Structure formats: structure tokens, C-alpha cells
Amino acid sequence: LGHAAGTLVLSLPVLYFAQALHLPLLASIGDRLAGIALIATAAWSYFQARRGAVPGSAVASRNAIGVGFIHGLTGAASLMLVLPMVAAGSHLTSAAFLLAFAIGSTLGMAVLTSVLARLGSRLEPRVALRSRQLLCASSAALGLIWLFL
């Protein structure tokens, strides 16, 4: 839900101001913001793990929606998704495109999350902790790459 909501928040102003926006500049800014979001997510996840927060809890679920919202709002990928919507011409076609994206991305991420949760629940605690640490480090590294390249 978060990713779809973030993309919708990005899409509506782009649709309205399509002729006046400099899309490559917005894509560059979005990449930098996505890098910052990845670094912040890595730090947050690291500190949550240190405090003993359990993945899948209510707090973790709210965090996932927030992270999804930020990623839907930032990044060149979201902006590239918006371009066909802008080029569609009619507002009805654009709205249908956005609705299809929102439903598809929500379902796709729900399935992916479910599969990863099932696999993760079968890991030994030590392996799960190491996996979480590796994912935090990978998120931070990717964030640094997006931020500085």
C-alpha cells in the first residue's frame, strides 16, 4: 500500500504540471532521495534489531508502509512509471493506468513479502540475525551508490 500511495502522490502533480516539469532533474533528485531512504531504512532496521524488535510486529508493519511510501515517492523508477501516464493523453486513461499500477504493485509486493516471510521463519535464529545484518549492510551500500553516483 505504501509504494502505491507514494507513486500516486508523485503522479498527480506530474500529470497536472506535465508540460512545465523538467523530468530528468526530478529523476536525479528522486534517486538521491531514494538513496537517503535506503540508508535511513538500513539504520532504522539495524537499531530495531539491536533493541530486539521482532520482524512482523505491528511496529514493523507500520514501518514497511512508511518505507514503501518513501520508495514510491522517490526514485527514477517511479518517475519512469509516471511517464506513460503523462503520455496517455486523457485523464481517464491516466487514472486507469495509475489504478492498475496501485493494485498490481500492492499484490506483487504482498506475494513477495509472504514468500520471504515464510522462508525467513524457517531460518535458525543465528542465520536469521546474520541475514538481517547482511540486508541492512546491502541497503546502506545501495543507498550510498544512489546518493553519490
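Conventions we followed
- Residues numbered from 1 in each chain as written.
- Predicted model: local features only at pLDDT ≥ 70, side-chain atom pairs only at ≥ 80, totals over all residues.
- Heavy atoms only, no water.
- pLDDT = per-residue confidence, 0-100.
- Helix = DSSP H or I, 4+ residues; strand = E, 2+ residues; numbered from the N terminus.
- Expected span 1.5 Å × (residues − 1).
- Buried < 20%, exposed > 50% of the residue type's maximum accessible area, 1.4 Å probe, protein only.

## So, the confidence of the model for the protein chain
Keep in mind that low pLDDT regions are not for reading the predicted coordinates in detail.
Argument step 1. Within the protein chain, residue pLDDT values average 75, and 60% of them lie at 70 or more.
Argument step 2. Across the protein chain, element-level confidence peaks in helix α6 (residues 125-148) with a mean pLDDT of 88 and bottoms out in helix α4 (residues 76-87) with 60.

## Digging into α6
Argument step 1. For α6, built from 24 residues, the straight-helix expectation of 34 Å at 1.5 Å per residue is met to within 8% by its first-to-last C-alpha distance of 35 Å.
Argument step 2. Every buried residue of α6 is accounted for by Cys-136, Ser-139 and Gly-143.

## Details of helix α5 (residues 91-121)
Argument step 1. Between the first and last C-alpha of α5 there are 44 Å, a value that for 31 residues agrees with the 45 Å anticipated at 1.5 Å per step.
Argument step 2. Taken together, the buried positions of α5 are Ser-94, Leu-98, Phe-101, Ala-102 and Ser-105.

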